[in-house]
Amino acid sequence: MRLLRRRSGLTLEASARRAGLSPAHLSRLETGKRQPSLPLLLTLARVYGTTVGELLGETATAAHSVVRGAEMESVDAGGWRYWQAGRSGRAMQALRVHVPRGTQRDLVRVHPGEEWIHVQRGELRLTLGQVTETLAPGDSAHFDSLTPHRLEAVSANGVDLLFVHTLLQSPTADLCVNDLPGHAAHGSPPQR
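Residues numbered from 1 in each chain as written. Predicted model: local features only at pLDDT ≥ 70, side-chain atom pairs only at ≥ 80, totals over all residues. Heavy atoms only, no water.

## Considerations on the nonpolar core
Membership of the largest hydrophobic core comes to 37 residues, with the highest contact counts inside it found for Leu 44 and Leu 124. Here the element with the most residues in this core is helix α4 (residues 38-48); it accounts for eight residues. (Core = buried A, V, L, I, M, F, W, Y, C linked by side-chain atoms within 4.5 Å. Buried < 20%, exposed > 50% of the residue type's maximum accessible area, 1.4 Å probe, protein only. Helix = DSSP H or I, 4+ residues; strand = E, 2+ residues; numbered from the N terminus.)

What follows is the structure in C-alpha cells.
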C-alpha cells in the first residue's frame, strides 16, 4: 500500500484525508498491523487510482483477459470474502464476493462511478437511497454509486455476488454516511 501511495505522489496525511482515515490508522494498514475491510480497500483503490487486487499485491500473470477459477485465491476483508474475477489495470474491477449475514453497521456508501451486482446464491437486501429491495438468485442491480447504497445478506448462510464497479479517482473518492435520509457526509468508515 505504501508503494502505491508514494507512486500516486500523496503523503500519508493527504491519503488519509482523502480516504476519511486518521494518518495513524492508514500507517497501521500500510505496515500490516491492521486489516482493511473491503469497503476501505475500495476507497483506497479509488484514492490511488488502482484496484483492490493491486493493493493486496496481486499482479496479472497474463496479458489476456481470461481468469481461471482454479487460479483465484480468496481474500478476507472486513468479514467479507472475495475473489478477483478480472485482471488488474482496467477501468472496471470485477469481483466474486461472499457477504455474510448481518449489516454493515449502518454504513452507507457514496462514491463516483457505477456498480453492477448480480446475486448468485442467497438473498441480498439492497438499499439505494430511500428504496430497499430484496434480490434473489439471478437478480441484478446496476446503479450510479453516487446514490447512497448499502448491501446486507438476508440469508442465514450469507449471499454470493458478482460485483463490478468502475475505478474512478476523485478527491472525494469515497464518502461514508450513517443515515439514508438527508445523507449528509460525516465521519469516517467504521474501524473493523
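## What to know about the pattern of salt bridges
Applying the stated criterion across every chain, the model contains four salt bridges. In this structure, the salt-bridge partner of Glu 30 is Arg 2, at a minimum N-O distance of 3.2 Å. Here Glu 30, found in helix α3 (residues 23-30), pairs with Arg 2, found in helix α1 (residues 2-7); they are 28 residues apart in sequence, far enough to count as distant. Look at Arg 2 and you get partly exposed, because its relative accessible area is 29%. The network of salt bridges with shared partners includes Arg 2, Arg 5 and Glu 30. (Salt bridge = Lys/Arg side-chain N within 4 Å of Asp/Glu carboxyl O.)

## As for helix α2 (residues 12-19)
Within the sequence span of α2, burial applies to Leu 12, Ala 14, Ser 15, Ala 16 and Ala 19. Residues of α2 that are buried sit in contact with α1, α3 and α4. Backbone geometry just after α2 places Gly 20 at a positive phi near 75°. (Contact = heavy atoms within 4.5 Å.)

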